[in-house]
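# Descriptive structure summary
The chain contents come next:
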Amino acid sequence: MFLDFDDTLCATSEHDVPALEAATAAAAAALSERGGLAAGPVDRARLLADFRAMFSSTPWDPSPNPMEVGAWRGALWARALALQATPPEDERAAAAVAAAGEAAQAAFDGHRLAHLVFAPGAREAVAHARARGLSLVMITNGHHRVQRDKLCLLYTSPSPRDKRQYRMPSSA
């Protein structure tokens, strides 16, 4: 039996909304701590829209020697922030934008993984299929590191969330 992970067994898109909010907040805070942009405060709605546009076309580095996916996405956040800069920004400002991009991606990853849970009924459905002797395959279409992090989190025990049966124990 083949099972889709994102937005089937796990409401990933639902969890991404607050994770993206945490990312834009972290970027704005990190940039503010480093002196901000000459253009003024970060427009977080524009930052999110610009990031989403870049992310939808290139969610990971397409080059023959790709950079690590978290670094790539941090760079996307930085590029989206740089669109709000008033040229010419100096090296200090460029470094601040890069650091804010890294902070945004770290906040996104941290928030997403801290709050990711199986959708209601998913745990029971998988347990039912296994009890009937069906072999199960999880299908994902994202970057292998990102997907592995999510799957390992949900399949690793013990966790305080196991009390609420949000994680899938290895015996299920």
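Residues numbered from 1 in each chain as written. Predicted model: local features only at pLDDT ≥ 70, side-chain atom pairs only at ≥ 80, totals over all residues. Heavy atoms only, no water.

### Points about the packing of aromatic side chains
The criterion, for reference: Two rings from Phe, Tyr or Trp (for Trp, the six-membered ring) form a pair when their centres are within 6.5 Å of each other. A pair whose planes differ by under 30 degrees is stacked, one over 60 is edge-to-face, and the rest are tilted. Runs of E in the DSSP output that reach at least two residues are strands. Runs of H or I that reach at least four are helices, and both are numbered from the N terminus. Residue burial is assigned from relative accessible area. The probe radius is 1.4 Å, only protein chains are included, and a residue is buried under 20% of its type maximum, exposed over 50%, and partly exposed in between.
One pass over the full model with this rule turns up three aromatic pairs. Centre to centre, the rings of Phe-5 and Phe-118 are 6.4 Å apart; their planes meet at 85°, and the pair counts as edge-to-face. Here the residue Phe-5 occupies a position in the loop between strand E1 (2-4) and helix H1 (12-33), and Phe-118 occupies one in the loop between helix H4 (91-115) and helix H5 (122-131), the gap between them amounting to 113 residues. Assigned by exposure class, Phe-5 and Phe-118 land together as buried. Ring geometry for Phe-51 against Phe-55: centres 5.6 Å apart, planes inclined by 25°, an arrangement best described as stacked.

### Some points on the side chain of Asp-50
Applied cut-off: Should any heavy atoms of two residues lie within 4.5 Å, those residues are counted as being in contact.
Inspection of the secondary structure assignment puts Asp-50 in helix H2 (residues 44-57). Take Asp-50: its relative accessible area is 18%, and that puts it in the buried class. With sequence-adjacent residues up to four places away left out, Asp-50 is seen in contact with Ala-80 and Leu-83.

### Quick word on H2
Put simply, the rule is: Expected span of a helix: the number of residues minus one, times 1.5 Å. Read the arc as the range of directions from the helix axis to the C-beta atoms. N or O atoms within 3.5 Å of each other form a polar contact, as long as, within protein, one can give a hydrogen and the other can take it, and as long as residues adjacent in sequence are counted only when both atoms are side-chain atoms.
Between the first and last C-alpha of H2 there are 20 Å, a value that for 14 residues agrees with the 20 Å anticipated at 1.5 Å per step. Residues of H2 that are buried: Leu-47, Asp-50, Phe-51 and Met-54. Relative to the axis of H2, the buried residues are bounded by an arc of 100° and lie together on one face. Set apart from the buried face of H2 by more than 90 degrees, the exposed residues are Ala-45 and Ser-56. Against the buried residues of H2 lie H1, helix H3 (69-82) and H4. Between a side-chain oxygen at the N-terminus of H2 and the backbone nitrogen of Ala-45 the separation is 3.2 Å; the capping residue is Asp-43.

### A few points about the pattern of salt bridges
Note the following rule: Should a side-chain nitrogen of Lys or Arg be within 4 Å of a carboxyl oxygen of Asp or Glu, the pair is scored as a salt bridge.
Summed over all chains, the structure comprises three salt bridges. Of the charged contacts in the structure, one is a salt bridge between Arg-44 and Glu-21, with a shortest N-O distance of 2.3 Å. In this pair, Arg-44 is assigned in helix H2 and Glu-21 in helix H1, connecting sequence segments 23 residues apart. Assessed through its relative accessible area of 47%, Glu-21 is described here as partly exposed. Taking the shortest distance from any N to any O, the salt bridge between Arg-46 and Asp-50 comes out at 3.4 Å. Placement of both Arg-46 and Asp-50 in helix H2 is noted, with a separation of four residues, approximately one turn of the helix. The class of Arg-46 is partly exposed, set by a relative accessible area of 37%.

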